[in-house]
Amino acid sequence: MAARVLLRGSLAGAPAVPRLQPGAGLTLRALGSSARSAREESWLKSLFVRKVDPRKDAHSNLLAKRETSSLYKLQFHNVKPECLEAYNKLCQEVLPKIHEEKHYPCALVGTWNTWYGEQDQAVHLWRYEGGYPALNEVMSKLRQNKEFTEFRKERGNMLLSRKNQLLLEFSFWNEPVPRDGPNIYELRSYQLRPGTMIEWGNYWARAIRFRQDSNEAVGGFFSQIGQLYMVHHLWAYKDLQTREDIRNAAWHKPGWDELVYYTVPLIQEMESRIMIPLKISPLQ
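Being a predicted model, the structure only gives us computed values, none of them experimental. (Residues numbered from 1 in each chain as written. Predicted model: local features only at pLDDT ≥ 70, side-chain atom pairs only at ≥ 80, totals over all residues. Heavy atoms only, no water.)

**A look at the environment of Gln-121**
Okay, step 1: Its place among the elements puts Gln-121 in strand β3 (residues 121-129).
Okay, step 2: Judged by its relative accessible area of 2%, Gln-121 is buried.
Okay, step 3: Each C-alpha atom of the pair Gln-121 and Ser-161 lies 9.7 Å from the other, and the pair is 40 residues apart in sequence.
Okay, step 4: Leave out the neighbours within four places in its chain, and Gln-121 touches Phe-76, His-77, Asn-78, Trp-112, Asn-113, Thr-114 and Arg-273.
Okay, step 5: Polar side-chain contacts of Gln-121 include one of 3.1 Å to the side chain of Asn-78. (Helix = DSSP H or I, 4+ residues; strand = E, 2+ residues; numbered from the N terminus. Buried < 20%, exposed > 50% of the residue type's maximum accessible area, 1.4 Å probe, protein only. Contact = heavy atoms within 4.5 Å. Polar contact = N/O pair within 3.5 Å; in protein donor to acceptor, adjacent residues only side chain to side chain.)

Here you go:
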């Protein structure tokens, strides 16, 4: 969002001012310029900085679903280009076993390769039903699983880098559930300005109703551990043209433009990935 500032000089016909002592005019001009600068800076800040009401509770308690205690893990694996096919094959052999094992309180929500965005990248989304205790239980059991240990070692040789984040889901978003395909998926990631998560949640609690007509909303999450003040919105579309049509249609709905106007200043950085699900992904 750009702002244009128009500064006006002295108006014609203004009352005459008394004669000033030598040097006083320069001092007054400097003071006037400083005052104008302060007013302009304050005005600009009022456009780009929005106040958050004081809260006496954590963001996670205010924004997350209370009826569930699910924790999500989002993994980004940057794979050596020559190893991507072997990496996918290895994941398709091992990940379903973890997903289907009843003794592991976790589920594979979706697994994809990035099509547009960062290339040769795999993205995995896991749900831990029971929060942090469930995560600790799964990690403890997997460390004792010889097949998984070998899988991690073999997988490590194929990777250039990797990172993960622990997330909670917004209370007003759909819970991600398996869906039939074929679909492409868009992961839109937003780095928010610190202190603006509550505002983001308040605006998107209203905005999400504009994006439900075509069942494109899959899930919305915010980070707890890893890169903080991160928001991820996951969408499903039939193809890129359908994505374009659905997004354009939102602008014709009264109120959507206003919500976008107010949320844009909350963002420091944003990224979009178009992803293709692997055959084992519950989200097809």
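**Quick word on the pattern of salt bridges**
Okay, step 1: Tallied over the entire structure, the rule returns nine salt bridges.
Okay, step 2: Sharing partners across several salt bridges, the network here consists of Arg-127, Glu-129 and Glu-175. (Salt bridge = Lys/Arg side-chain N within 4 Å of Asp/Glu carboxyl O.)

**So, the packing of aromatic side chains**
Each aromatic ring pair is characterised by the separation of its centres together with the angle its planes make.
Okay, step 1: One pass over the structure, following the stated rule, counts 16 aromatic pairs.
Okay, step 2: Here Lys-163 stacks its cationic end above the ring of Phe-76, 5.5 Å away from the centre of that ring.
Okay, step 3: Over the face of the ring belonging to Trp-235 we find Arg-211, whose NZ or CZ atom lies 4.1 Å from the ring centre. (Phe/Tyr/Trp six-rings, centres within 6.5 Å; stacked < 30°, edge-to-face > 60°. Lys NZ or Arg CZ within 6 Å of the ring centre and 35° of its normal.)

**A few points about the sheet that holds strand β1 (residues 70-79)**
Okay, step 1: Read once around its circumference, the closed barrel built from eight strands follows the order β1-β3-β2-β8-β5-β7-β6-β4, with strand pairing classed as antiparallel. Each strand of the sheet is rotated relative to its neighbour by a mean of 35°, with strand direction disregarded.
Okay, step 2: Bridge count for strand β2 (residues 106-116) against strand β8 (residues 267-277) is four bridges, and the pairing is antiparallel. Across the sheet, residue Trp-112 finds its bridge partner in β8, namely Pro-277.
Okay, step 3: Across the face of the sheet, helix α6 (residues 197-207) comes into contact with β5 (184-192), β6 (217-225), β7 (230-237) and β8 while running at roughly 25° to β7. (Pairing = 2+ DSSP bridges. Axes fitted to C-alpha atoms, helices over the stretch in contact; angles between N-to-C directions.)

**Describing the nonpolar core**
Okay, step 1: Membership of the largest hydrophobic core comes to 54 residues, with the highest contact counts inside it found for Tyr-128, Phe-170, Trp-173, Trp-200, Trp-204, Phe-222 and Val-231.
Okay, step 2: With seven residues, helix α3 (residues 84-100) is the single largest residue contributor to this core.
Okay, step 3: When residues no more than four places from it in sequence are discounted, the contact partners of Tyr-128 are Ser-69, Ser-70, Leu-71, Lys-73, Pro-105, Cys-106, Ala-134, Leu-135, Val-138 and Met-139.
Okay, step 4: Counting residues in hydrophobic clusters, the runner-up holds 16 residues, among them Leu-74, Val-123, Leu-187 and Leu-234. (Core = buried A, V, L, I, M, F, W, Y, C linked by side-chain atoms within 4.5 Å.)

**Quick notes on the confidence of the model for the protein chain**
Okay, step 1: On average, the protein chain scores 84 in pLDDT, and the residues at 70 or more come to 77%.
Okay, step 2: In this model residues 1-21 is a low-confidence stretch, pLDDT under 50, and it forms 12 contacts with partners more than four residues away in sequence or in other chains.
Okay, step 3: Long-range and interchain partners of residues 24-54, a stretch whose pLDDT sits below 50, account for 21 contacts in this model, where long-range means more than four residues apart. (pLDDT = per-residue confidence, 0-100.)

**Notes on the environment of Arg-211**
Okay, step 1: Mapped onto the fold, Arg-211 is located in the loop between α6 and β6.
Okay, step 2: The sequence separation of Arg-211 and Trp-256 amounts to 45 residues, and the corresponding C-alpha distance is 9.5 Å.
Okay, step 3: Side-chain polar atoms of Arg-211 contact the side chain of Glu-216, separated by 3.2 Å.
Okay, step 4: A polar side-chain atom of Arg-211 sits 2.8 Å from a polar atom in the side chain of Tyr-237.

**Focus on helix α7 (residues 240-250)**
Okay, step 1: Of the positions making up α7, those classed as buried are Arg-243, Ile-246 and Ala-250. The buried residues of α7 all sit within an arc of 70° when viewed along its axis, so they share a single face.
Okay, step 2: Looking at the packing, one finds that the buried side of α7 touches β5, β7, α8 (256-263) and β8.
Okay, step 3: Measuring from the side-chain oxygen of the N-cap residue of α7 to the backbone nitrogen of Gln-241 gives 3.3 Å; that N-cap residue is Asp-239. (Arc of directions from axis to C-beta.)

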